[in-house]
Amino acid sequence: MPPHARRLVALGATAAIAAAVAVGSPGALPPGPGDAEATSDVAAAAPRREVSTRPATASTPPARPATPADDPSATGTVSPLQNDADAGRASGQVAAPDAQVAPVIDRERRGRDALRALGDQVGEAASRSGVSPQALATVLRDDDTAWVSREGQLYFQEPMATVAEGPVAGAVTTTSVDTAKTFTLHSRPGAKRSIVIDMDGADVRGSAWGKLIKTPLRDGTWAGWNSEGTASTYSLSEHAWIQEVWRQVSEYYAAFDVDVTTDSRDDGVWRRDTTADETYGARVVVTTSTEPPAQICASACIGQAWSGVFDRVDPSASYQPAWVFATPMGGKPMSPIVAAQSVAHEAGHTFGLVHDGITTNGVRSDYYKGTTLWGPLMGSSMTRGISQWSKGEYAGATSTQDDLAVIGSKLTRVPDEDGGTTASATDLPTSPSYDVAGVVSDRSDRDLYRLTLPCATTLTATATGTGPQASLDLQLALLAADGSTQLTSDQPTATLVTWPSTVTGMDASISRALPAGTYYLRVDGVGNGSASQAGVGWSDYGSLGRYRLRASGCAGTTPPSPTAGPTPTPSTAPSTTPAPVTTSPTPTTSPAPVVMTRPGAPTIGYASSGASGGTVSATARWSAPKVTGGQAVRGYKVRAYKLDSRNRVVRTYTTARTAANVRTLVYRLPRGRYTFVVTAENGLGASPWSSRSRIVTAR
C-alpha cells in the first residue's frame, strides 16, 4: 500500500504470550538462507508506528557502472507484455469485476437459508463461486458458517472461538530476533504466487466486503496487530510474535511453490489483472482493530474469507483481503498459534477449501478439533500439537475434500530436488559432518542422500523439523550400498505439554558403528498408526514440510601405519639421499562440514534504459552470488517493479528462470520507469532478492 496510507502499529505479544513463541528454542530449525532476508531499503532499527520505514523508492544508483561478473556476454531477452494490464484489456482478457454482476438473492444469507433463497439460481451462484452446483448445495446444507453474498459469491465466516490460554511451560529467548527482517520475511523468494500476511496496518478500499454484504465494511486504513497498546516502538516480543506467526504459516504451505511473506508493500503481488498475469496471490489482513469485525459480523467472528478467489482475475482486488480478527480472547492477547492457524485457514478458503467437521452420535460440528495430538487445519486444531491438511480420513468426517489436491489445482508442488532411489540419490561429498536442508512435498516423497565413509566410524544422523507446530513427522533410515534398510528411526509421538500443545517424537535420529563404505540416509514423512484409529492416529497424508538433516562422517583420513621394507619412493625429484621414514602421523586439519543451503543473493549490476526508437525494453545486469550454498546455481529470475512518479510500485513482472550463465537480461516491458531485483536458484530453492537497481526507463 502507499506509505502515506499505512499506519504502523504494534505487532507482538505480552511477555506471557511471547513465552509461547518458539523463536530460538532448542531443536527448532532456524530459517535457512532466503527464508527471512530483509531487502536493502529496510532500516535496521525498530520503526516508529506513525511513520512507514519501508518506502517504495528504489535504492540510490551506483556511483559508476558495476561490471557484470563471470560471463557478461551471456544475455537473455524476455517479454512480459502478455501480462500487461492495458494489453489484457485491449484483448478482452480482463474479467468484469464481480461486484458489477446482477444480484441472485435479496441479501447475504447463510447455510440452508441461503440454499432456499437461491432456488433455481444455485447453478448461477455456483458458477460465480467456481464450484459445482452439487458442491455449493452440499456446503450450504451442511455448514452454517458458509454464506452467499447478494451476487452469489460463497464466503466463510468463522464464529468467535474461545481458547484456554493456560500457563506456558519453559521460556524462550527473544534476544536473537532480527527486528530488521520482521516485515520482509519470505519463505520462497522468486515464487510467482504469494500469501501475504499483512499485519502492520492495511489500506482497504473498493473491497467487495464493502459492497456485497448487508453490513458493509467502510473504506479505510485499519490498524495491524497490537498487543501492548503503545504507539511509540515495537517491542522485542512483538517482533518475535509476528515472526513466529510467519514461521508457522510458511511451514503449512512449505510443500507448495508459494511465497509466504510479511512484505505487503506491493499490491501487484496479490492482485491479478489479466488471465495472462502470472504474479498474484492472497492477502490476509490480521488486525486488532474492533471496527472491522463490528461492521462485518457484529463482533461475532474471528475470521472471514471469500471462497475460491486465489487465482481470480480481479484488477480492482475487490475479493481481497481475507481477514483474521486478532482481538483479545478471554481478556488475553491472541496466541501466535491461534493467529497462524487462522491465517492458514482463511488462506485455505481462498483456494476453495471447506471445513473439516465431524459427526458424533448424530450430532454434527462444523469444526473438528482432532485427536489427542493431531487436528486438521480446516477444522479447529489450535489446541493440538500437530496440525495438517486433511482429506477426511478420520471416522465421522463431514468432508472428504482432498485439501492438497484443491490447493494443488492453483499452486504447483515444490520440485523434488533429492532423488527417491539409490540411483537418483543426492551425493554428499566426503566430510567430517553434513548439514543439508530439504522439503518433503508429498506423501510419496522420500529423499535419499548418498555418503561414502573412507573410515570405520560411528555414523550419527538426525533429521529435525522446523520446531513446535510443525506438520512434518519425520522418519530417518540407514540403507546399505545395495539399498537394503539397516536401521529405521521413527520415534513415538507424545504430548509434552497441553498449552501450547507441544509434542515429542516429530524428529528422528540414528546411530550405528559402520565399516568404511557407501551408505544412504533416507528421510520420509510418516503418520502415527491408522487415521481411522479413533482419538489417536493419523496418516502420512499431511506429513509434509521442511527439515534439516545433520550427520557425522569421518573426522579425517588416518595415514597408514609404518611398515618395514624398502625406502619409500620420494614424491619429489630423485635424490641420492633416501627419504627418512616418519613414524608419527602428519598433522592434518579437518575440513569444514559440508553445509548445503539455498544460495546467497546475487549482486545487482548497472541497469540501463532501452534505446529510443527500438523495441520497448530495459536491461538488468547482475553478478553471481558469492555463496552458492554448496550446489551449482541453476539460473536466475529477474523481477521488474514498475514505478509511478512518486517511486511507488504499481506493477510487478517476474521472468521464468534463465540459464545459469546469464548475467545480462534485456527485458521487454510496457513503457514506464522500472527498478530490478534478481534472485538465484540452486537445487534447494531461491536466494533472497538482491538489492534494487537504479531506476531506468523502458522505451
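Residues numbered from 1 in each chain as written. Predicted model: local features only at pLDDT ≥ 70, side-chain atom pairs only at ≥ 80, totals over all residues. Heavy atoms only, no water.

If you check an unreviewed UniProt entry, the chain appears there as Pre-peptidase from Nocardioides aurantiacus.

(A) Structural view of the environment of I407. You can see I407 is positioned in helix α9 (residues 403-408). Sequence-wise, I407 and T350 are 57 residues apart; in three dimensions their C-alpha atoms are separated by 9.3 Å. Apart from residues lying up to four places away in sequence, I407 is in contact with Y253, F256, F351, L353 and W389. (Helix = DSSP H or I, 4+ residues; strand = E, 2+ residues; numbered from the N terminus. Contact = heavy atoms within 4.5 Å.)

(B) Structural view of the pattern of salt bridges. Summed over all chains, the structure comprises 26 salt bridges. Note that D113 and R109 form a salt bridge whose closest N and O atoms lie 3.0 Å from each other. Judged by relative accessible area, R109 falls into the buried class, the value being 14%. Among the salt bridges present, the one from D524 reaches R446, with a minimum N-O distance of 3.2 Å. Residue D524 is located in strand β25 (residues 517-525), and its partner R446 is located in the loop between β17 (433-440) and β18 (447-453); the two are separated by 78 residues in the primary sequence. Note on D524: relative accessible area 5%, which makes it buried. (Salt bridge = Lys/Arg side-chain N within 4 Å of Asp/Glu carboxyl O. Buried < 20%, exposed > 50% of the residue type's maximum accessible area, 1.4 Å probe, protein only.)

(C) Structural detail: the nonpolar core. With 73 residues, the main nonpolar core has Y253, W389, L476 and L521 as its most contacted residues. Of the residues forming this core, the biggest block, 8 residues, is contributed by helix α8 (residues 336-351). When we break this core down by domain, the ones giving at least three residues each are domain 2 (156-162 + 176-352) and domain 3 (426-552). Apart from the residues lying within four places of it in its own chain, the contact partners of L521 are D447, L448, Y449, L451, L459, A461, L476, A477, L478, I510, L549 and A551. Core analysis: the second largest hydrophobic core is formed by 21 residues, A607, A618, V633 and Y636 among them. (Core = buried A, V, L, I, M, F, W, Y, C linked by side-chain atoms within 4.5 Å. Domains from an automatic or database assignment.)

(D) Representation of the sheet that holds strand β20 (residues 474-479). If you trace the 5 strands from one edge of the open sheet to the other, you get β16-β18-β25-β20-β21, paired in mixed fashion. Strand pairing shows two members of the sheet lacking a second neighbour, β16 (426-428) and β21 (485-489), which therefore form its edges. Across this sheet, the average inter-strand angle for adjacent strands is 25 degrees, counted without regard to direction. The pairing of β16 with β18 spans 3 bridges and is parallel. Within β18, the position partnered with T426 by the bridge is Y449. (Pairing = 2+ DSSP bridges. Axes fitted to C-alpha atoms, helices over the stretch in contact; angles between N-to-C directions.)

(E) Layout of the state of the cysteines. Summed over the entire model, instances satisfying the criterion amount to 2 disulfides. Each disulfide pairs two cysteine sulfurs, and for C455 the partner residue is C554, the sulfurs being separated by 1.9 Å. Of note, the bridge from C455 to C554 carries an S-S torsion of about -110 degrees and is left-handed in sense. Taken together, the positions of C455 in the loop between β18 and β19 (457-464) and C554 in the loop between β26 (545-552) and β27 (594-596) put the pair 99 residues apart, joining distant regions of the chain. (Disulfide = S-S within 2.5 Å.)

(F) Focus on the pairing of strand β34 (residues 672-682). Counting buried residues in β34 gives 10 out of 11 residues, a clear majority hidden from the surface. When strand β31 (residues 635-643) meets β34, the two strands line up antiparallel, connected through 9 bridges. What sits directly across from A640, in β34, is F676. Where β34 meets strand β36 (residues 696-698), 3 bridges bridge the pair, whose relative direction is antiparallel. Bridged to Y674 within β36 is V696. In terms of strand pairing, β34 meets strand β35 (residues 685-686) through 2 bridges, oriented antiparallel. Each bridged residue has a counterpart across the sheet, and for N682 the counterpart in β35 is G685.

(G) Highlighting the packing of helix α6 (residues 236-252) against α8. Viewed as axis vectors pointing N to C, α6 and α8 meet at an angle of 40 degrees, and their least axial separation amounts to 9 Å. Looking at the two axes, α6 sits oblique to α8. Between α6 and α8 lies a crossing whose hand is right-handed. Two secondary-structure elements touch here, α6 through W241, E244, V245, Q248, V249 and Y252 and α8 through P336, I337, A339, A340, Q341, V343 and A344. Per-class residue counts for the contact of α6 with α8 are 10 nonpolar, 2 polar and 1 charged. (Parallel < 35°, antiparallel > 145°, perpendicular 65-115°, else oblique. Left-handed = near helix turned anticlockwise from the far one by under 90°. Nonpolar A, V, L, I, M, F, W, Y, C, P; charged D, E, K, R; others polar.)

(H) Quick peek at the confidence of the model for the chain. Overall, the prediction assigns the chain a mean pLDDT of 77, with 74% of residues at 70 or greater. With pLDDT under 50 throughout, residues 162-173 is counted as low confidence; its partners more than four residues away or in other chains account for 28 contacts. pLDDT under 50 marks residues 557-592. Its contacts with residues more than four places away, or in other chains, come to 11 contacts. (pLDDT = per-residue confidence, 0-100.)

(I) View of the pairing of strand β32 (residues 649-654). Counted residue by residue, β32 has 5 buried out of 6 residues, so it is predominantly covered. Two elements, β31 and β32, share 5 bridges in a ladder whose sense is antiparallel. Bridge pairing in β32 places A640 opposite Y653. Once β31 ends, the chain turns through 5 residues before running back antiparallel as β32, passing N647 with a positive phi of about 65 degrees.

(J) Broad picture of the packing of aromatic side chains. For the structure on display, the rule yields 16 aromatic pairs. Ring plane angle 55 degrees and centroid distance 5.5 Å describe the contact between W622 and Y636, whose orientation is recorded as tilted. With W622 in strand β30 (residues 617-623) and Y636 in strand β31, this residue pair connects regions lying 14 residues apart in the sequence. We classify W622 as buried; its relative accessible area is 0%. Residue class for Y636 comes out buried when judged on its relative accessible area of 1%. Ring centres 6.1 Å apart and planes at 20 degrees place the aromatic pair Y667 and F676 in the stacked group. By relative accessible area, Y667 is classed as buried at 1%. Here the aromatic residues W147, Y155, W209, W306 and Y319 are joined through ring pairs into a cluster of three or more. Looking at R312, its charged tip hangs above the ring of Y319, at a distance of 5.0 Å from the centre. For R692, the ring lying beneath its charged end belongs to Y641, and the centroid distance is 4.7 Å. (Phe/Tyr/Trp six-rings, centres within 6.5 Å; stacked < 30°, edge-to-face > 60°. Lys NZ or Arg CZ within 6 Å of the ring centre and 35° of its normal.)

(K) A look at the side chain of S489. Here S489 lies in strand β21. Among the polar contacts made by the side chain of S489, one reaches the main-chain carbonyl oxygen of S509 at a distance of 2.9 Å. Sequence-distant contacts of S489, that is, excluding residues within four places in its chain, are made with L474, Q475, L476, A508, S509 and I510. (Polar contact = N/O pair within 3.5 Å; in protein donor to acceptor, adjacent residues only side chain to side chain.)

(L) A look at the sheet that holds strand β8 (residues 259-261). Taking strand neighbours across the sheet as the criterion, the 8 strands line up as β2-β3-β4-β10-β11-β9-β5-β8 in an open arrangement whose pairing is mixed. Bordering the open sheet on either side are β2 (109-110) and β8, each of which pairs with just one other strand. Relative to β8, strand β5 (residues 193-198) runs parallel, the two being bridged by 3 bridges. Bridging across to β8, S194 finds its partner in D259. Along the sheet face, α8 touches β4 (154-159), β5, β9 (280-287), β10 (301-306) and β11 (322-325) and points at about 25 degrees away from the line of β10.

(M) Representation of helix α3 (residues 111-118) within the structure. Those residues of α3 that sit buried are G111, A114 and L118. Each buried residue of α3 lies within a common arc of 55 degrees when the element is viewed along its axis, so the set occupies one face. Here the buried face of α3 lies against β2, α4 (122-129), α5 (133-142) and β3 (146-148). G119, located one to two residues past α3, shows a positive phi value of around 55 degrees. (Arc of directions from axis to C-beta.)

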